[in-house]
Amino acid sequence: AALKDALRSQVSAALREGRVTPTELCQRCLALIKSTKFLNAYITVTEETALKQAEESEERYKRGQPLGILDGIPIAVKDNFNTAGIETTCASNMLKGYISPYNATVVQKLLDQGAVLLGKTNLDEFAMGSGSTDGVFGPVRNPWSYSKQYKEKSVSKSHSEDKESDWVISGGSSGGSAAAVSSFTCFAALGSDTGGSTRNPAAHCGVVGLKPTYGLISRHGLIPLVNSMDVPGILTRCVDDAAVLLGSLAGHDPKDSTTIQDDFKPFELPNLIDVSKLSIGIPKEYHAPGLSSEILALWLKAADLFKNAGAKVVEVSLPHTRYSIVCYHVLCTAEVASNMARFDGLEYGHRSDVKDSTESMYAATRREGFNDVVRGRILSGNYFLLKQNYEKYFVKAQKVRRLIANDFVKVFRSGVDILLTPTTLSDAAPYTEFIQEDNRTRSAQDDILTQAANMAGLPAINVPTALSERGLPVGLQFIGRSFQEKQLLTVAKWFEKQVQFPMIQLEEVKRHDSGVFQHQQSASFS
Amino acid sequence: VLNRRCVEAAVMTGLALNCHINKKSLFDRKHYFYADMPAGYQITQQRVPIAVNGSLSYSLCIDNKMNQMVTKTVRIKQIQLEQDSGKSLHDDTRSQTLVDLNRAGVGLMELVMEPDMCCGEEAAAAVRELQLILQTLGSSQAVMAEGQLRVDANVSVHHPGEPYGVRTEVKNINSIRFLAKAVDYEIQRQIQEIGNGGTILNETRAFDSKLGCTVPMRDKEGKQDYRFMPEPNLPPLILYDAKSLPANMNHQQVINIDWIHERLPDLPSVIREKLVEQYGILPEHSFTLLNEDGLAEFFESVVKQTQMKPKKVIGWILNDLLSYLKQHSLTVKESPVTSFLLADLLNLLEKKEISSTAAKRVLAELWKGEGKTPLEAVKEHKLELLQDQKELEQICQAVIDGQENEVIMMVLR
């Protein structure tokens, strides 16, 4: 089996049939992580424990008793999920060296099914950002920066310039997870999605990024950013694999009161899909300012694809879309201010040496532990929560949020099944260009297409669609009805099959996979 | 995650205090930084608490005369569920504070009363009754010394007819006795302050039990903006009653107010009434019985095992037993004299086998806890009453003969 293979259809079978062992898979992934270190996708690599888990998995396969499809499968987890005995930093000085005493529910579920945890991936500090550039461990590099496809298209500015500076961002805030999946160092990764943090990097790195319905997957153990919008995100190389991960993670958690009580039934996606009975909505407000003409063209092309397959494609309106950035800003910063209050240096994490008084210790700890972005959001959030501002800002924003959510309800009620939109405004920007603007400006720009789904709690998925003129991935987004992940993923799978997104061609991966099975030439399967 | 038992306790307490139970209540975050608040906020119910608009009835003795009791009522503004903070232990000598986080996050019930009480005695009586109610319901052991019941007193003074004055909050009150003292001290202090032309600050003061006065607390600032925000991790708390309970709802998942109401035990006031009615004792007796943990049960147990009338038994319980327990700082449970032994003794008295004086002496013997039965003690000290008429006449004659000039009339029973 090759590292680039699809989980369900190939790797799983290979493991069961003994054509490859969990330890082999694990070792190859670990080796690849080492040779792709320059991507800076991982903060912590848990080599020892991963190999141990792989060995245990191997024993189970030998006995013919694997725990399930995920048994022995190497995965990575974003570093804002708690992992017992393993450092969890949120890419912040505040939690550098912090060893979690427990596993997040989603991590526990993966481990219970025999998955092999390779390590914790890099992110924007405390998941605040859209580039994975603002963490204390440095930025994540998009693997496509080093792909044959990008290098062929990129015009060297000058020969004397350092080739290294051409690299493009991975998107964020789950950039590390997206890069890890994209560069084949793991078969799936967990991200988080508050305003698009799973879908954005998925689009830039050319992988599938699923944001499930709020309340479907437990947030217990996910260090919170915005409790009312956060969800664990799933990053994989194909839609089928996303369905596998969803099946193993979804369901009520007594430790998370915001998960729904209803039983969740894992599903398999059909292979033959007929979209002719579907109604696809194209929200006109998502033709946002700054949307690149390339992406606009792809979007329209995609709409035509559905039309030609017999689906009903209609233009719809989500009129309150233009208020969503401001609304999100108020609600997000308010919750952030609240959630970050626990980092005072007293119980865990960084503690400043300033000892004059409790207050001064708190202040110094928080100044030293948090970066500008985090501090800025805390200050804004506290401002909005002040008694004299609460009604004007917070309550008002809640009302606007309701309006935004209602926009979707109305559209879905009118007969539309799925919405089709772009995921990002353009392909991945070069790092040097991206950092010209500050985090807040970037986030405001980049979140526009993704955060409405978080406000409304709806499921959404990025499907890699095509390469841009610069040879970088562009993805399109599907937004579905609450808890209708099966329908959403089915449509996404059909679309994935249609577009046949090319596989990344990375030198490093070629070297590692040489001499072993190579069924596939493309990332999608037949 | 919400603790079900806390919600049940709050509903029970709300019902016992005649409150309206809000079928939908909400949770909020109250933000402030303090060493004993690890999350930087406390989860509470600021917007919509679980119960509102109740009342608590309590009794007072007028002029300390037990036989003149008056019933008073204090309105209950609301009951809310919230989280406890940790415990701060200030070490002034080393300029440090030790923080114990063991109880942080544990569920609390905060009961807010309206300012319907006028002095320390009333406050103490009201809290005492509340304590009994909580213990009866099982909501809390409500022992103040152990921090299971914490009381903050809000005190203000005003001239009759004028609006209420500025109030101060008095904290650090560790017993009901201190509550009365703290309230009375604060009232006097405020009256004096105003009399001297000063003004009362809306501040928090601590009660110093050694000095018997209140002092301003340095730690808590005057007005803080707590930046209340809805608690996003706890959905609104929905309670049901028999009417609103959906048919297919899992019984484990919901709380039915009516179901809890049906299972409420008798409240102290009801228990007292029943004691008075059933045993013919005085109302003030019933108060004392309930005031001492286990005493009412002890009394009833003795009554069951003896032929002596309850009206007479009560004297032995309240005068003899209770005073002995108080003298030796014992609880009813620790009493060396069990209800069985006392009943046995009272039976001897009823059957006229001993005099009441003798009975008191036997009781004194039994307190020693040497395992003797009343009969054994009587025999040991030759306390039996002589029943034989002839023997008695002989003794009397001997006495009279010996004392021809002074005949002391002894009443022999």
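Residues numbered from 1 in each chain as written. Chains lettered and ligands numbered in written order. Predicted model: local features only at pLDDT ≥ 70, side-chain atom pairs only at ≥ 80, totals over all residues. Heavy atoms only, no water.

Observations concerning the environment of Leu-289 of chain B
Under the convention used in this document: Think of it this way: any DSSP run of H or I at least four residues long counts as a helix, any run of E at least two long counts as a strand, and we number them from the N terminus.
In this fold, Leu-289 of chain B is placed in helix α6 (residues 283–291). Linking Leu-289 of chain B and Leu-322 of chain B, residues 33 residues apart in sequence, is a C-alpha distance of 9.6 Å.

What to know about the packing of aromatic side chains
Rules: Any pair of Phe, Tyr and Trp rings, taking the six-membered ring for Trp, is counted once the centres come within 6.5 Å. Such a pair is stacked with planes under 30 degrees apart, edge-to-face with planes over 60 apart, and tilted for the rest. Ring-over charges, as used throughout, are those where CZ of Arg or NZ of Lys falls within 6 Å of the ring centre and within 35 degrees of the ring normal.
This structure, assessed with the given rule, holds 23 aromatic pairs over all chains. One residue, Arg-237 of chain A, lies across the ring of Phe-187 of chain A, its end atom 5.2 Å from the ring centre. One Lys or Arg, Arg-272 of chain B, reaches over the ring of Phe-287 of chain B and ends 4.0 Å from the middle of that ring.

Focus on the sheet that holds strand β3 (residues 116–121) of chain A
Residue and element names in this part refer to chain A. To be explicit about the condition: Paired strands, as defined in this entry, are two strands with at least two bridges between them according to DSSP. Lines fitted to the C-alpha atoms define the axes, with helices restricted to the stretch that makes contact. Angles between their N-to-C directions range from 0 to 180 degrees. Throughout, a residue-residue contact means that at least one pair of heavy atoms, one from each residue, lies within 4.5 Å.
Reading across from one edge, β1-β3-β2-β4-β6-β5-β10-β11-β9-β7-β8 is the order of the eleven strands in this open sheet, with mixed pairing throughout. With one partner strand each, in any of the chains shown, β1 (42–45) and β8 (312–316) form the two edges of the open sheet. Averaged over all pairs of adjacent strands, the angle between their axes in this sheet comes to 30°, without regard to strand direction. Alignment of strand β5 (residues 208–211) against strand β10 (residues 460–467), held across three bridges, turns out to be antiparallel. Residue Gly-209 lies in a different strand from β10, and its bridge partner there is Asn-462. Contacts from helix α3 (residues 47–62) reach β1 and β3 within the one sheet, and its direction differs from that of β3 by about 155°. Running over the sheet, helix α6 (residues 175–182) touches β1, β2 (74–78), β3, β4 (188–193) and β6 (231–236) and is turned about 155° from β4.

Here we look at the interface of chain A and chain B
What counts is decided by this rule: Once two parts are joined, some of their accessible surface, as seen by a 1.4 Å probe, is lost; buried area is that loss totalled over both. We define a salt bridge as a side-chain nitrogen of Lys or Arg found within 4 Å of a carboxyl oxygen belonging to Asp or Glu. Under the rule applied, a polar contact is a pair of N or O atoms within 3.5 Å (in protein, one hydrogen donor and one hydrogen acceptor; residues adjacent in sequence only if both atoms are side-chain atoms). When residue character is reported, Ala, Val, Leu, Ile, Met, Phe, Trp, Tyr, Cys and Pro are called nonpolar, Asp, Glu, Lys and Arg charged, and the others, Gly included, polar.
Counting residues at the interface gives 29 residues for chain A and 23 residues for chain B. Both sides of the chain A and chain B interface together cover about 1900 Å² of buried area, and 54% of this is carbon and sulfur. Scanning the region where chain A abuts chain B turns up zero salt bridges. Where chain A packs against chain B, one counts eleven residue pairs in polar contact (both at pLDDT 80 or more). Secondary structure elements with two or more residues in the side of chain A that touches chain B: α10 (324–339), α11 (358–369), α12 (372–385) and α13 (387–413) of chain A. In the side of chain A that touches chain B, the residues fall into ten nonpolar, ten polar and nine charged.

With respect to the domain arrangement of chain B
Residues and elements named next belong to chain B. Stated formally: What marks off one domain from the next here is an automatic or database domain assignment.
For chain B, the domain assignment lists domain 1 (4–260) and domain 2 (268–381). A straight line from the C-alpha centre of domain 1 to that of domain 2 covers 37 Å. Opposite the nine residues of domain 1 that make contact, domain 2 presents nine residues. In total, domain 1 and domain 2 occlude about 760 Å² of area from one another, counting both sides; carbon and sulfur atoms represent 59% of this.

Looking at the nonpolar core
Test applied: Each nonpolar core is a collection of buried residues, namely Ala, Val, Leu, Ile, Met, Phe, Trp, Tyr and Cys, held together in the definition by side-chain atoms within 4.5 Å. Only protein chains enter the calculation, and the probe is 1.4 Å; a residue is then buried if its accessible area is under 20% of its type maximum, exposed if over 50%, and partly exposed in between.
In terms of nonpolar packing, the biggest core is built from 121 residues, with Phe-126, Phe-306, Phe-408 and Phe-478 of chain A touching the most fellow members. In contact with Phe-408 of chain A, other than residues within four places in its own chain, are Tyr-286, Leu-318, Leu-419, Ala-452, Ala-456, Leu-458 and Ile-479 of chain A. Grouped together as the second largest cluster of nonpolar side chains are 54 residues, Tyr-41, Leu-60, Ile-260 and Leu-267 of chain B included.

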